[in-house]
Amino acid sequence: MTPEERDTLLELLSHVFESDDDIDGLVYLDIQKIFYHLRERLDDENTIKELLPYYWYIDGVVSDTVQETVNHGLDTGVLQSEPTASTGTGEWYEPGQEEVTPAEGINEDDIATAKREIKLAIEEDYDVFRSHEDKIQDVYGEAPYDFQRYFKLNILFAIKQFSSDRPLYLGTDNLASEISTAEAYLPLDPEFDEFNTLFSRYVNTAKRYLSAVGEQNRILADRFKQLSDGVWRLYCQQLRLLEHDPYYDAKREEWEEEYQRTRQFVANDLIEFRQAIYDEFEETNETNRVSEESSWGKIAAKYLDEQSSD
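Caption draft 1: Inspection of the overall build of the protein at higher detail. In terms of helices and strands, the protein carries twelve helices and five strands. Here the protein, with 310 residues, has 46% of them falling under the buried criterion. Put simply, 70% of the contacts in the protein that link residues at least 6 apart link residues at least 24 apart.

Pasting the structure below:
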């Protein structure tokens with residue numbers, strides 16, 4: 001992105017604060033989604049649309065050029081930020097002390113159109129005053145695969161509650177059932193075959209772990225959350241390889257390498273977590289010991305052999 005294009009997007013971001021007197025600040029999710037809705041409203045002929053390429057990732061649809069614009073705003077003092085009071089919502093961005101530099105070299109009519117559409121996007125498409133939870137629900141309502149909505153909104157939320165020692169409304173048995181159900185939502189595209197195989201191993205491990213712990217005994221809960229977050233990241237990295245605008249084609253090799261590193265990390269984490277389950281619970285309940293001749297033991301041994309041969 002050229003300096004002129006970056007200045008153009010920063011001018012549009014500044015206009016967001018001017019378009020509604022009640023908007024005194026935004027979280028990062030807001031900025032990404034407002035620009036996404038702007039992109040969807042613009043005609044293909046509008047040069048601003050070309051500056052807003054998106055891809056699906058961990059937090060929904062995101063754009064590197066929007067991230068670059070936010071960083072540019074902070075560097076120039078046009079924006080300022082501070083941590084939000086709400087956990088999990090990131091930084092709070094508001095107008096800084098410096099005025100934005102008017103963009104040059106970009107079609108002025110396109111900029112004017114984009115400013116009008118930004119105001120409409122805020123009024124009709126994206127409510128910045130909704131709760132963070134409602135915004136996340138809205139984001140995943142447009143997800144390309146049902147698995148995203150189910151795993152992100154149902155399972156990861158419950159695991160976060162579990163690891164934070166908060167009450168699980170449906171209990172560990174129901175959480176195990178929810179995780180098992182997630183397999184039915186796995187994408188059928190062949191590009192996800194590798195992930196799907198690993199996810200099935202995650203499901204077996206999660207069920208084994210949740211059958212050993214209870215509401216009061218949450219041993220290894222943080223490790224379980226780490227494993228689950230890693231599985232989610234791996235899925236999102238494969239998703240990014242498939243669901244991105246052509247602008248990002250040049251990054252495919254880099255993204256593929258990142259995916260392979262994460263895949264190996266998750267595979268190793270599964271083995272280590274399974275071993276931690278054995279080590280932790282076999283001392284308190286000898287019946288939980290896994291024999292190499294049992295079904296679980298044979299699966300574990302086969303998987304260890306597969307990994308050692310990679």
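Caption draft 2: Up close: the environment of Glu-104. Along the chain, Glu-104 turns up in the loop between strand S5 (91-95) and helix H5 (108-125). When the C-alpha positions of Glu-104 and Asp-7 are compared, they lie 8.1 Å apart, and in sequence the two are 97 residues distant.

Caption draft 3: Layout of the packing of aromatic side chains. A full pass over the atoms with the stated rule returns 27 aromatic pairs. Centre to centre, the rings of Tyr-55 and Trp-255 are 5.1 Å apart; their planes meet at 55°, and the pair counts as tilted. With Tyr-55 in strand S2 (residues 55-57) and Trp-255 in helix H11 (residues 252-281), this pair connects stretches of sequence that are 200 residues apart. Taken individually, Tyr-55 and Trp-255 each receive the classification buried, so the pair is uniform in this respect. Their ring planes at 70° and their centres at 5.4 Å tell us that Tyr-145 and Phe-192 sit as a pair that is edge-to-face. Here Tyr-145, found in the loop between helix H6 (132-140) and helix H7 (146-163), pairs with Phe-192, found in the loop between helix H8 (171-182) and helix H9 (193-212); they are 47 residues apart in sequence, far enough to count as distant. The residues Tyr-145 and Phe-192 share a single accessibility class, namely buried.

Caption draft 4: Spotlight on the environment of Ser-163. Here Ser-163 lies in helix H7. For Ser-163, a relative accessible area of 17% gives the class buried. Setting aside its immediate chain neighbours within four residues, Ser-163 contacts Ala-221, Asp-222 and Lys-225. A distance of 3.1 Å separates a polar side-chain atom of Ser-163 from the backbone oxygen of Lys-160.

Caption draft 5: Just unusual backbone geometry, in detail. One non-glycine residue with positive phi stands out, namely Leu-220, at about 70°. On the secondary structure map, Leu-220 appears in the loop between H9 and helix H10 (221-242).

Caption draft 6: View of the sheet that holds S5. Across the sheet, which stays open at both edges, the three strands sit in the order S1-S5-S4 with antiparallel pairing between neighbours. Both edges of this open sheet fall to strand S1 (26-27) and strand S4 (79-83), since each of them pairs with a single strand only. With five bridges joining them, S4 and S5 adopt antiparallel strand pairing. Each residue of the ladder has a partner; that of Pro-83, found in S5, is Glu-91. Taken strand by strand, helix H1 (residues 3-19) contacts S1, S4 and S5, and its axis lies near 85° from that of S5. Running over the sheet, helix H4 (residues 64-76) touches S4 and S5 and is turned about 100° from S4.

Caption draft 7: Focus on a negative patch on the surface. Together, Glu-253, Glu-254, Glu-256 and Glu-257 make up a negatively charged patch on the protein surface. Of note, Glu-253 is situated in helix H11.

Reading the values: rules and limits
- Every chain is numbered on its own, with residues counted from 1 as its sequence reads.
- In keeping with the predicted nature of the model, local features appear solely for residues at pLDDT of at least 70, side-chain atom pairs appear and are counted solely at 80 or more, and the whole-chain, interface and lining totals rest on all residues.
- The side-chain numbers reported here are obtained from all heavy atoms of the structure, hydrogens and water having been left aside.
- In this description a helix means any DSSP run of H or I spanning at least four residues, a strand means any run of E spanning at least two, and both kinds are numbered starting from the N terminus.
- Classification of residues uses two cut-offs on accessible area relative to the type maximum, computed with a 1.4 Å probe and protein chains only: under 20% is buried, over 50% is exposed, and between them is partly exposed.
- Only heavy atoms matter for contacts: two residues are in contact if any of them lie within 4.5 Å across the pair.
- In this scheme Phe, Tyr and Trp rings, the latter by its six-membered ring, pair at centre separations within 6.5 Å, and the angle between planes marks the pair as stacked below 30 degrees, edge-to-face above 60, and tilted otherwise.
- Polar contacts, as used here, are pairs of N or O atoms within 3.5 Å; protein pairs need one atom able to donate a hydrogen and one able to accept it. Residues neighboring in sequence count only if both atoms are side-chain atoms.
- Two strands form a pair only when DSSP identifies at least two bridges running between them.
- Under this scheme, a helix contributes an axis fitted over its contacting stretch, all axes are lines through C-alpha atoms, and angles between N-to-C directions fall in the 0 to 180 degree range.
- Distance thresholds for patches are 9 Å for like charges and 5 Å for nonpolar side chains (Val, Leu, Ile, Met, Phe, Trp, Tyr), applied to residues having over 30% relative accessible area and no salt bridge.
- Surface accessibility in these figures is a Shrake-Rupley result with a 1.4 Å probe; residues are shielded only by whichever protein chains are displayed.
- Any Lys or Arg side-chain nitrogen located within 4 Å of an Asp or Glu carboxyl oxygen qualifies as a salt bridge.
- In this tally, Lys and Arg are treated as positive and Asp and Glu as negative; His is ignored, and so are the chain termini.
- Here the site of a charge means atom NZ of a Lys, CZ of an Arg, CG of an Asp or CD of a Glu.

Just distances and angles here, no functional claims.
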